[in-house]
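Structural overview
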Amino acid sequence: MVSYSQKDQRPCPVCGATISSEIWMVVHRLERPKLWARCKDNDLHSATCINGHQGIIRAPLLLLDPALPFLIYSPAPGANEAQQAFQTLVSHLNATITPEEKARLDHRVEVVPRDLLQDVLHSPALNAGNFMAQRGTREPLTDLYLAIQHATTEQLELLARSSALEPPVRAAVQFELALTYGRKMRRFPEYSEKTLQFLTDCLEFYNQGQFPHRWATIQSELAIAYFSRLPGNKKENLHEAIHCSLRALDVFTPECFPEDFAVVQSNLANIYMDMVWDYPGAIQKATYCYEEALKIYNRDSYPEDWARVLSNYATAYMTLGDPANLHKAVEALENVLLIRKREDAEEDWALTQMNLGVAHMYLSESPSDAPILKAVSALRSAYEVLGDKERYPLRWVTSSYNLGLALSRTDNPRSLLEAINLLEYCFHDFIHNRDRQNLEHCKDELATCFTHLLKLEASPAAKLELSQRAMSLFEKEYDAEPVGVLLYEIIRSIMANTEQPREKVIDIALKAAQQLLCIYRKQSQLEYRAYGLMHLGKIYLQRPGLNQKGNQTLSLKCFEAAMKIMRELKPSPHRYEVMNEIITLSTLAEQKNGR
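Residues numbered from 1 in each chain as written. Predicted model: local features only at pLDDT ≥ 70, side-chain atom pairs only at ≥ 80, totals over all residues. Heavy atoms only, no water.

1. Notes on the side chain of Glu221
Cut-off, in case you're wondering: A run of DSSP states H or I qualifies as a helix once it reaches four residues; a run of E qualifies as a strand once it reaches two. Both are numbered from the N-terminal end. Only protein chains enter the area calculation, which uses a 1.4 Å probe; residues under 20% of their type maximum are buried, those over 50% are exposed, and those in between are partly exposed. Working convention for charge: Lys and Arg count positive, Asp and Glu count negative, and His plus the chain ends are omitted. One side-chain nitrogen of Lys or Arg within 4 Å of one carboxyl oxygen of Asp or Glu is enough to make a salt bridge. Note on contacts: a residue pair qualifies if any of its non-hydrogen atoms lie within 4.5 Å across the two residues.
Relative to the assigned elements, Glu221 resides in helix 9 (residues 212–228). One buried charge, Glu221, has no salt-bridge partner; the nearest side chain with opposite charge is Arg186, at 4.1 Å. Those residues in contact with Glu221 that sit more than four places away from it in its chain are Leu179, Arg186 and Leu199.

Spelled out as structure tokens, the structure:
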């Protein structure tokens, strides 16, 4: 074990209570990833007494990262015997590392003041390894830190183009610029070109032979940049992203660089997920990469990374879609929620709830089974957060739509009405944003939901109100099969309504039948058009008013047109029944018309 600590007891300077702590003075990044994270947060040597008083223990710190060709030594703040403390820690180190590791480091040490340590560990461009033109040649770390830390992006770009810079310094500046633009690219993909430019430029200096870790890091960053790239052919960009990731994995092996290996595998899985519909086998490659990342990321050592990759892994299971994989997705997402708490990361928690709800919804087989009830519960939890349009303008439609879908699959009239309300909000948003694809899906779901509720609703007045609402909603959006089914249900339900004013009922039914004929116009829909004509004729036949002869004449025309279509279709028992009904109705119309 390379990492080294000492037990310590001392009185609290505030209250005098005894503070017992373990002071870590040598930390190996791969052995102690949690301790390394505390170093990056400048929290390794903090201590708290039983009364809550917190302070810093002054102790030296020696850091070993296999990715770096040098040690980092940070003297205890204000210490007078830094050299002696350093020799003590190096003696311990030499007794624990391998001869190969000793030869690799070759007594190369960078001394970093404690107040700079946090920044140095967070910024790869500040590592002395960036500035090593050859073995043993280094620039003073602190001076470079100050120069780069306070430079603007524009100043760094000018510096990168300067012919006076030594190649190692120029490469370091180029890499820092690539990281800067890479961070911007996460939110604004248009920065991908700048990111690619500077990553490619610094590869002229950082070759795989002399700087394997930095070279692999650049390959990993190139993969992300190609994945985010807007210009060019998307398919070619994704394939280039895969090639860069695979090159990075030549260096980032799980044995030598487990954390870097996990990062690249996770990113590679995301790239494959983006190719699922165009590249056979992409989903299998994605799941394999997620599994490889999860061999490193575990719940105890990397809880946030474990939850993130597990969440993406669940998405892959959901994409596969079969019940066995959907159950795996549910299990994975339930594990993610052990880490993601609403009070800590509200949006991530809500997104996980939404994915969990969708997985349960896909698993549901009937309106009353457990999965659909669990789906509604999870999606309602997500909607409580993401349904806030002002806070989450890009999420509220998705959360509303998914909750509406889950509610529409129940047999509860109140839930169905809530589903209609939610889906109608989405319907108008899709129209406003000219999102035709989602509009068509939403229209189908809304029509199905209206149809379902009309069948369940017992009140004639409520049926009439619901029919009017549906007719108004689909006035300009009625060219869809589920809307046709809805219109048939509207006609059927309100024509049986004897409690409402007949003229009002007939007017709504007449409008529904006319819209029905606008839907069924294709040659393949002739039979449904005949049914629509028959219903329209029946409505004219029952239409009240002074012009009864005119209504009866219109009904006869509808019956004649319907019969003409039915005679042209291939005979079947059901079609004979329809034709007999049309003949009966025509006879009734003729009798009323006095023929």
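Moving on, there is more to tell.
2. Focus: the pairing of strand 2 (residues 18–28)
Inclusion rule: A pair of strands counts as paired when DSSP detects no fewer than two bridges linking them.
Of all 11 residues that make up strand 2, eight are buried, and the element is covered over most of its length. As defined by bridge partners, strand 1 (residues 4–11) adjoins strand 2 across eight bridges and the pair is classed as antiparallel. Opposite Gln6, over in strand 2, you have Ile23 as the bridge partner. A loop of six residues connects strand 1 with strand 2, the two strands running antiparallel in sequence, and Gly16 in this loop sits at a positive phi of about 85°. Pairing between strand 2 and strand 5 (residues 61–64): three bridges, direction parallel.

3. Let's talk about the state of the cysteines
Just so we agree on the cut-off: The definition used for a disulfide is geometric: two cysteine sulfur atoms within 2.5 Å.
By the definition in use, this model includes zero disulfides. No disulfide involves Cys202; its sulfur sits 12 Å from the nearest other cysteine sulfur, which is in Cys244. What makes Cys202 buried here is its relative accessible area of 0%.

4. Re helix 4 (residues 114–122)
Short version of the rule: Arc, as used here, means the arc of the directions from the helix axis to the C-beta atoms.
Residues of helix 4 that are buried include every one of Arg114, Leu116, Leu117, Val120 and Leu121, and no others. For helix 4, the buried positions fall inside an angular range of 135° around the axis, keeping them on one side.

5. What about the packing of aromatic side chains?
Operational definition: Classification of ring pairs rests on two measures: the distance between centres of Phe, Tyr or Trp rings, Trp counted by its six-membered ring, which must be within 6.5 Å, and the angle between planes, read as stacked under 30 degrees, edge-to-face over 60 and tilted in between.
Per the counting criterion, the structure on display carries 16 aromatic pairs. Ring centres 6.1 Å apart and planes at 75° place the aromatic pair Tyr401 and Phe430 in the edge-to-face group. Placement of the pair is Tyr401 in helix 17 (residues 396–408) and Phe430 in helix 18 (residues 413–432), with a sequence separation of 29 residues. For the pair Tyr520 and Tyr528, a centre-to-centre distance of 5.3 Å together with 25° between the ring planes defines the contact as stacked.

6. Overview of helix 24 (residues 548–568)
Our working definition: Expected span of a helix, by definition, is 1.5 Å for each gap between consecutive residues, and there is one gap fewer than residues.
Over its 21 residues, helix 24 extends 31 Å from the first C-alpha to the last, a length consistent with the 30 Å expected when each residue adds 1.5 Å. The set of residues buried in helix 24 consists of Asn551, Gln552, Ser555, Leu556, Cys558, Phe559, Ala562, Met563, Ile565 and Met566.

7. A few points about the sheet that holds strand 6 (residues 71–74)
Stated formally: Axes here refer to lines fitted to C-alpha atoms; in helices the fit is confined to the stretch in contact. Angles between the N-to-C directions go from 0 to 180 degrees.
An order of 1-2-5-6-7 is seen for the five strands of this open sheet, with the pairing classed as mixed. Looking at which strands have only one partner, the edges of the open sheet turn out to be strand 1 and strand 7 (109–111). Between one strand and the next, the sheet's axes are offset by a mean angle of 25°, whatever the strand orientation. The sheet contact formed by strand 6 and strand 7 spans three bridges and is parallel. Within the sheet, the bridge partner assigned to Tyr73 lies in strand 7 and is Val111.

8. Here we look at the nonpolar core
We count it as follows: We call a set of buried Ala, Val, Leu, Ile, Met, Phe, Trp, Tyr and Cys residues a nonpolar core when their side-chain atoms join them within 4.5 Å.
Residues Tyr206, Leu446, Phe450, Phe474 and Ile490 are the most contacted members of the largest nonpolar core, which totals 163 residues. Core analysis: the second largest hydrophobic core is formed by 22 residues, Ile19, Ile23, Ile57 and Leu71 among them.

9. With respect to the packing of helix 9 against helix 10 (residues 234–251)
The line we're drawing: Angular relationships are summarised with four words: roughly parallel below 35 degrees, roughly antiparallel beyond 145, roughly perpendicular across 65 to 115, and oblique for the angles in between. Handedness of a crossing follows from how the near helix is turned relative to the far one, being left-handed for an anticlockwise turn of less than a right angle and right-handed for a clockwise one. Residue type decides the class: Asp, Glu, Lys and Arg count as charged, Ala, Val, Leu, Ile, Met, Phe, Trp, Tyr, Cys and Pro as nonpolar, and the leftover types, Gly among them, as polar.
One way to put it is that helix 9 packs onto helix 10 with a least axis distance of 8 Å and a crossing angle of 160°. One element, helix 9, and the other, helix 10, form an angle in the roughly antiparallel class. Helix 10 is crossed by helix 9, and the crossing has left-handed handedness. In contact with Pro212, His213, Trp215, Ala216, Gln219, Ser220, Leu222, Ala223, Tyr226 and Phe227 of helix 9, helix 10 contributes Asn237, Leu238, Glu240, Ala241, Cys244, Ser245, Arg247, Ala248 and Val251. Considered class by class, the residues forming the contact of helix 9 with helix 10 number 12 nonpolar, five polar and two charged.

10. Considerations on the packing of helix 17 against helix 18
Two numbers describe how helix 17 lies on helix 18: the axes approach to 8 Å, and their chain directions differ by 145°. In the packing of helix 17 onto helix 18, the handedness of the crossing is left-handed. Contact with helix 17, carried on its side by Trp396, Val397, Ser400, Tyr401, Leu403, Gly404, Leu405, Leu407 and Ser408, involves Ser415, Leu416, Glu418, Ala419, Leu422, Leu423, Tyr425, Cys426, Asp429 and Phe430 of helix 18 and no other residues of that element.

11. Describing the pattern of salt bridges
Within the structure shown, the criterion is met by 24 salt bridges. Its salt-bridge partner being Glu445, residue Arg409 comes within 3.6 Å of it at the nearest N-O pair. Separated by 36 residues along the polypeptide, Arg409 in the loop between helix 17 and helix 18 and Glu445 in helix 19 (residues 436–456) bring together distant segments of the chain. With relative accessibility at 32%, the residue Arg409 sits in the partly exposed group. Here Glu445 falls in the partly exposed class, since its relative accessible area comes to 21%. Here the salt bridges do not stand alone but share partners, grouping Arg29, Asp65, Glu259 and Asp260 into one network.

12. Topic: a negative patch on the surface
To keep it simple, the criterion reads: Residues forming no salt bridge and having over 30% relative accessible area are the ones grouped into patches, like charges within 9 Å of each other and nonpolar side chains (Val, Leu, Ile, Met, Phe, Trp, Tyr) within 5 Å. The accessible surface values rely on the Shrake-Rupley method and a 1.4 Å probe; as for residues, cover is taken only from the protein chains in view. One atom stands in for each charge, and that atom is NZ of Lys, CZ of Arg, CG of Asp or CD of Glu.
On the surface, Glu304, Glu343, Asp344 and Asp348 cluster together into a negatively charged patch. Along the polypeptide, Asp348 turns up in helix 15 (residues 346–363). You can call Asp348 partly exposed: its relative accessible area is 37%.

13. Regarding the environment of Lys570
As for its placement among the helices and strands, Lys570 is situated in the loop between helix 24 and helix 25 (573–593). The spatial distance from the C-alpha of Lys570 to the C-alpha of Pro189 is 57 Å, given a sequence separation of 381 residues.

14. A closer look at the side chain of Ser192
If you trace the backbone, Ser192 turns up in helix 8 (residues 192–202). Sequence-distant contacts of Ser192, that is, excluding residues within four places in its chain, are made with Met185, Ala225, Ser228, Arg229, Leu230 and Pro231.

15. A word on the confidence of the model for the protein
Close reading of the predicted structure is inappropriate where its pLDDT is low. Applied cut-off: On a scale of 0 to 100, pLDDT captures the predictor's confidence in every residue.
Looking at the protein as a whole, its pLDDT mean stands at 84, while 91% of the residues score no less than 70. Predicted confidence is poor over residues 124–142, with pLDDT under 50, and the contacts of this stretch with residues over four places away or in other chains come to 64 contacts.

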